[in-house]
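Structural description and commentary
What follows is each chain in one-letter form.
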Amino acid sequence: MKAKKGTWVRIHNIVLEPGQRAPQVPEDTKKVAMEMWDKGFLLNEEASIGDEVTVETYIGREMTGRLVEIEPYYTHDYGRCIPEILYIGRQLRELLQEGQ
Amino acid sequence: MDRSMSYEAVMARNNEIMRKSIGIDFEQFESGSIAFDFERMMEETGYCLEEMIAIQSETGVGNTPLLELKNMTALARKYAPAGKGARIFLKDEAANPSGSFKARRAAISLYHAQKLGYKGVMAATSGNYGAAVASQAAMRGLKCLILQECYDSQGKGQPEIIEKARKCEAYGAEVLQTSVGPELFYLFLIHLEKTGFFNASLYTPFGIAGVETLGYEIADQMVQRTGRLPDAVVTTNAGGGNLTGTARGFIKYGKGGDKVPMIGASVNLKGLHMASDTQFNRKSFTTGHSGFGIPFSTWPDRSDVPRSAGRPLRYMDRYLIVNQGEVFYATEMLAQLEGLERGPAGNVALAVAFSLAQEMDADQTLVVQETEYTGAGKHIQPQLTFAKDNGIDILIGDPKEEISGKNIILPKDPSMIKAVDLDLDRLKAMYIKNCMTHRQVSNPTPQDIQFLAEDTKSTEAFVKSVIEKNR
């Protein structure tokens with residue numbers, strides 16, 4: 001899939017490579033890069049996932065990075081059923097009503 | 001000066017970038033040693049209470065409802081000894097425009113930014129503050145850039161933080177998201193320098209003073225409602241600004257407001273390193289936790305300004321912690337007994353209050369000083385789903401056996417919600433030691449000793465004894 005100029009996209013950058021991490025960072029974090037994501041309107045005529053592109057962010061700044069998503073959207077939700085919490089409400093109402 | 005963008009070069013320009021982006025010369029308050037003139041900094045750079053009330057009301061911030069939690073009080077009394085069980089009140093800060101008390105902080109910062117002529121504002125936060133800044137920026141026509149630590153190296157993001165990114169974008173902000181690491185501050189400096197925006201830090205005098213109206217309102221509402229000031233105020237503590245501002249609001253209220261005990265509350269995340277890539281997603285709270293609360297209490301000047309205006313040990317009378325399972329249970333309690341569905345992170349103080357009320361007399365009152373909005377991601381279900389997906393066991397039993405990063409233990413019944421005291425003297429001693437280490441002072445001056453006594457709500461004798469041990 002290709003994105004055309006003006007499409008809302010998400011870009012990715014490496015801020016610091018593993019060898020450039022700050023001295024106070026824990027060992028596991030030192031082994032990985034520090035990454036950054038941003039979003040904006042594509043300024044290139046056309047681009048595919050993985051291309052280096054330039055975007056204009058929502059507040060009008062130019063940022064460059066690797067194209068990782070076209071028309072990105074949120075998928076966070078209310079999670080799955082958590083059977084472990086279902087006792088709480090009933091228990092509380094019962095306890096409150098006890099002796100009343 | 002090296003103008004390059006290397007980590008070292010940018011960090012070396014920290015002071016210069018800060019001066020331009022906040023418009024405060026912090027040097028003028030320094031003594032050259034450990035002490036600095038905190039009160040003068042708050043007075044000269046901030047606004048007075050009346051001005052802040054006016055500024056906040058311009059954008060619909062503040063004047064939130066104070067609710068009495070009658071069912072929770074009744075339940076707490078069932079577990080309290082005879083004659084015990086204080087009335088629990090809740091300040092419903094979720095009613096602010098951006099859904100949390102952080103709107104108060106952002107309101108003052110952004111008013112100030114606009115007054116100074118900045119075209120935009122920037123804040124580094126993965127919490128509710130981002131949404132607050134973005135919302136205020138929308139109202140004032142300022143551009144807004146939020147920098148947010150969100151993902152681990154596998155690209156997995158905390159659902160609570162992702163929701164806050166969505167909310168910032170909903171208000172027209174740009175959100176720069178990063179993987180785990182304190183070098184976020186480096187990135188923050190780069191973009192402050194590039195944009196020339198105002199640093200709407202949580203820790204400037206404006207950011208803290210904005211909370212004073214919250215303390216003041218609580219005092220006023222409690223007097224109107226019950227005829228007197230509360231006997232305790234419980235505040236969720238992370239960066240320290242919430243407790244500092246609330247306590248200062250009580251002091252400004254007068255009439256004994258300075259005597260009201262200020263209780264800090266954090267959710268216990270002992271053992272989890274906040275900058276660890278592999279532990280980042282093993283927690284179910286991204287704020288209000290001990291991983292911020294303890295380091296920021298014992299060294300507040302670690303923040304993104306040279307001198308933090310958030311100094312919780314200056315005002316705190318007790319510091320109580322609860323485990324994650326207890327806060328999730330309390331979140332259900334608020335929804336199911338009081339009909340108030342609110343975000344879990346804002347309910348840390350609520351869980352503590354349920355326990356604390358049982359120690360207090362039945363004719364006393366205590367106030368839980370905030371709530372926060374809830375929504376997709378920022379809710380008990382997605383947070384527990386995420387915990388399970390990251391290998392955390394959800395158990396029902398004694399929450400005191402909970403091991404952060406391994407399990408979450410929901411209390412078998414409400415009698416098992418028991419807040420635990422942190423040793424406040426130990427934290428005060430750690431703070432004094434940190435001052436000596438970070439400021440490289442082995443012989444504190446008499447002025448330092450006086451400052452440290454004030455900044456730890458202790459005595460000069462206590463400070464001297466700690467200094468002796470650390471010399």
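Every value quoted in this text rests on a predicted model; they were computed, and no experiment measured them.

**A closer look at the overall build of chain A**
- From N to C terminus, chain A includes two helices and six strands.
- Ordered by position from the N terminus, the helices and strands of chain A form the series β-β-α-β-β-β-β-α.
- For chain A, whose C-alpha radius of gyration is 23 Å, the value lies well above the compact-globule estimate of 13 Å for 100 residues.
- Along the longest, intermediate and shortest principal axes, the C-alpha atoms of chain A span 70 × 40 × 25 Å.
- Taking the contacts inside chain A whose residues are at least 6 apart along the sequence as the reference set, 49% of them involve residues at least 24 apart.

**Considering the overall build of chain B**
- When helices and strands are counted, chain B shows 19 helices and 13 strands.
- Against the compact-globule benchmark of 23 Å for 471 residues, chain B has a radius of gyration of 21 Å, which places it among compact chains.
- For chain B, the spread of C-alpha atoms along the principal axes amounts to about 65 × 50 × 45 Å.
- For chain B, the residues scored as buried account for 60% of the 471 residues in total.
- When contacts within chain B are restricted to residue pairs at least 6 apart in sequence, long-range pairs at least 24 apart make up 76% of them.

**Some words on the sheet that holds strand β13 (residues 420-421) of chain B**
All names here are of chain B.
- Read across the open sheet, the seven strands follow the order β1-β2-β10-β7-β8-β9-β13; overall the sheet is mixed. Of all strands in the sheet, those bounded by a partner on one side alone are β1 (66-68) and β13.
- Alignment of strand β8 (residues 262-267) against strand β9 (residues 318-322), held across five bridges, turns out to be parallel. Looking at the pairing, I263 lines up with R318 of β9.

**Here's the deal with the packing of helix α6 (residues 102-115) of chain B against helix α7 (residues 128-140) of chain B**
Residue and element names in this part refer to chain B.
- Following both chains from N to C, one finds α6 and α7 inclined at 45°, their axes separated by 8 Å at the closest point. Compared by their axis directions, α6 and α7 come out oblique. Along this stretch, α6 crosses α7, giving a crossing that reads as right-handed. Contact residues: K102, A103, R105, A106, A107, L110 and Q114 in α6; N128, Y129, A132, V133, S135, Q136, A137 and R140 in α7.

**Points about the environment of K167 of chain B**
Residues and elements named next belong to chain B.
- With respect to the element layout, K167 can be found in helix α8 (residues 159-170).
- Judged by C-beta crowding, with 24 C-beta atoms within 10 Å, K167 ranks as buried.
- Along the chain, K167 and A132 lie 35 residues apart, while their C-alpha atoms are 9.4 Å from each other.

**Focus on the interface of chain B and chain A**
- Every contact between the two is made by 48 residues of chain B and, on the other side, 36 residues of chain A.
- Where the side of chain B that touches chain A is concerned, the elements lending two or more residues are α5 (70-79), β4 (143-151), α8, β5 (174-179), α14 (324-338), α16 (380-389) and β11 (393-397) of chain B.
- Partitioned by chemical class, the residues of the side of chain B that touches chain A number 23 nonpolar, 16 polar and nine charged.
- Pairing geometry for strand β3 (residues 34-42) of chain A and β5 of chain B, over two bridges, is antiparallel. Bridging from a neighbouring strand, W37 of chain A pairs with Q177 of chain B of β5 of chain B.

**Some thoughts on the confidence of the model for chain B**
- Of all residues in chain B, 100% attain a pLDDT of 70 or more, and the chain-wide mean is 96.
- Prediction confidence for the complex, expressed as pTM and ipTM, is 0.97 and 0.97 respectively.

**Description of the environment of D277 of chain B**
- With respect to the secondary-structure elements, D277 of chain B resides in the loop between β8 and α13 (290-298).
- We classify D277 of chain B as buried; it has 23 C-beta atoms within 10 Å.
- Residues contacting D277 of chain B, with those up to four places away along its chain left out, are D28, T29 and V32 of chain A together with D152, S153 and V180 of chain B.

**Overview of the domain arrangement of chain B**
Residues and elements named next belong to chain B.
- Each assigned domain of chain B is listed here: domain 1 (7-54 + 102-204), domain 2 (60-99 + 208-421) and domain 3 (430-470).
- When each unit is reduced to the centre of its C-alpha atoms, the spacing between domain 1 and domain 2 is 24 Å.
- The interface of domain 1 with domain 2 comprises 44 residues on the first partner and 41 residues on the second.
- If you list the elements that add at least two residues to the side of domain 1 that touches domain 2, you get α2 (14-22), α3 (38-45), α4 (49-58), α6, α7, α8 and α9 (184-195).
- Broken down by element, the side of domain 1 that touches domain 2 gets its largest block of residues, six residues, from α6.
- Within the side of domain 1 that touches domain 2, the residues separate by chemical class into 27 nonpolar, ten polar and seven charged.

**Here's the deal with the nonpolar core**
- I88, V121, V133, V234, V352, A353 and L356 of chain B are the most contacted members of the largest nonpolar core, which has 150 residues in total.
- For this core, the element with the highest residue contribution is helix α15 (residues 348-357) of chain B, accounting for nine residues.
- In this structure V352 of chain B touches V234, A265, L320, V322 and A419 of chain B, once residues within four positions along its chain are discounted.
- Listed in part, the eight residues of the second largest apolar core include V9, I11, V55 and L67 of chain A.

**A short note on α8 of chain B**
All names here are of chain B.
- An ideal rise of 1.5 Å per residue puts 16 Å on twelve residues; α8 measures up with 17 Å between its terminal C-alpha atoms.
- Within α8, nine of the twelve residues are buried, which leaves it mostly tucked inside the rest of the structure.
- Along α8, the residues that are buried comprise P159, E160, I161, I162, E163, K164, A165, K167 and C168.
- In this structure, the buried residues of α8 make contact with α7, β4, β5 and α16.
- One or two positions beyond α8, positive phi appears at G172, with a value near 90°.

**Some points on the packing of helix α2 (residues 87-97) of chain A against α5 of chain B**
- One way to put it is that α2 of chain A packs onto α5 of chain B with a least axis distance of 10 Å and a crossing angle of 70°. The angle between the axes of α2 of chain A and α5 of chain B places the two elements in the roughly perpendicular class. Two secondary-structure elements touch here, α2 of chain A through L92, L95 and L96 of chain A and α5 of chain B through N71, A74, L75 and K78 of chain B.
- Residues of the contact of α2 of chain A with α5 of chain B, tallied by class, amount to five nonpolar, one polar and one charged.

**A few points about unusual backbone geometry**
- Although it is not a glycine, K255 of chain B sits at a positive phi angle of roughly 50°.
- Counting through the fold element by element, K255 of chain B comes out in the loop between α12 (241-253) and β8.

**Remarks on α9 of chain B**
- With twelve residues, α9 of chain B ought to run about 16 Å at 1.5 Å a step, and its terminal C-alpha atoms sit 16 Å apart, in line with that.
- Buried residues of α9 of chain B: L184, Y186, L187, F188, L189 and L192 of chain B, and no others.

**Notes on the pairing of strand β3 (residues 120-124) of chain B**
All names here are of chain B.
- With five of its five residues buried, β3 lies for the most part within the structure.
- Of the two faces of β3, the one carrying G120, M122 and A124 and the one carrying V121 and A123 are both buried.
- A crossover connection joins β3 to the parallel β4 through α7; in handedness this β-α-β unit is right-handed.
- Sheet analysis places β3 next to strand β6 (residues 198-199), joined by two bridges and oriented parallel. Paired with V121 across the strands is F198, a residue of β6.

Calculation rules
Residue numbering note: each chain is counted from 1, following its sequence as written. As a convention, the first chain written is A and the first ligand written is 1, with the rest following in written order. The predicted origin of the model limits local features to residues at a pLDDT of at least 70 and limits the giving and counting of side-chain atom pairs to 80 or more, whereas totals for whole chains, interfaces and linings rest on all residues. Secondary structure follows DSSP: runs of H or I at least 4 residues long count as helices, runs of E at least 2 residues long count as strands, and numbering of each begins at the N terminus. Radius of gyration here uses only the C-alpha atoms, and the compact-globule reference equals 2.2 Å multiplied by the residue count raised to the power 0.38. A pair of residues counts as a contact when their C-beta atoms, built from backbone coordinates, are separated by no more than 7 Å. Buried means a residue has 20 or more other C-beta atoms within 10 Å of its own C-beta, exposed means 12 or fewer, and partly exposed covers the counts in between; C-beta atoms are placed from the backbone. Note: two strands are recorded as paired if DSSP finds a minimum of 2 bridges between them. Axis definition: a line fitted to C-alpha atoms, limited for helices to the stretch in contact. Angles are taken between N-to-C directions and run from 0 to 180 degrees. Any angle that falls under 35 degrees is termed roughly parallel, while one over 145 is termed roughly antiparallel, one within 65 to 115 roughly perpendicular, and all others oblique. In this scheme the crossing of two helices becomes right-handed for a clockwise turn of the near helix relative to the far one and left-handed for an anticlockwise turn of less than a right angle. Ten residues, namely Ala, Val, Leu, Ile, Met, Phe, Trp, Tyr, Cys and Pro, are considered nonpolar, four, namely Asp, Glu, Lys and Arg, are considered charged, and the remaining ones, Gly among them, are considered polar. pLDDT expresses, on a scale from 0 to 100, how confident the predictor is about each individual residue. The split of the chain into domains comes from an automatic or database domain assignment. Connectivity within a nonpolar core runs through C-beta atoms within 7 Å, and the core itself is a set of buried Ala, Val, Leu, Ile, Met, Phe, Trp, Tyr and Cys residues. Here a helix's expected span is defined as the number of its residues, less one, multiplied by 1.5 Å. Crossover handedness is defined here as right-handed if the route from the first strand over the helix to the second strand goes clockwise, with the strands pointing away from the viewer.

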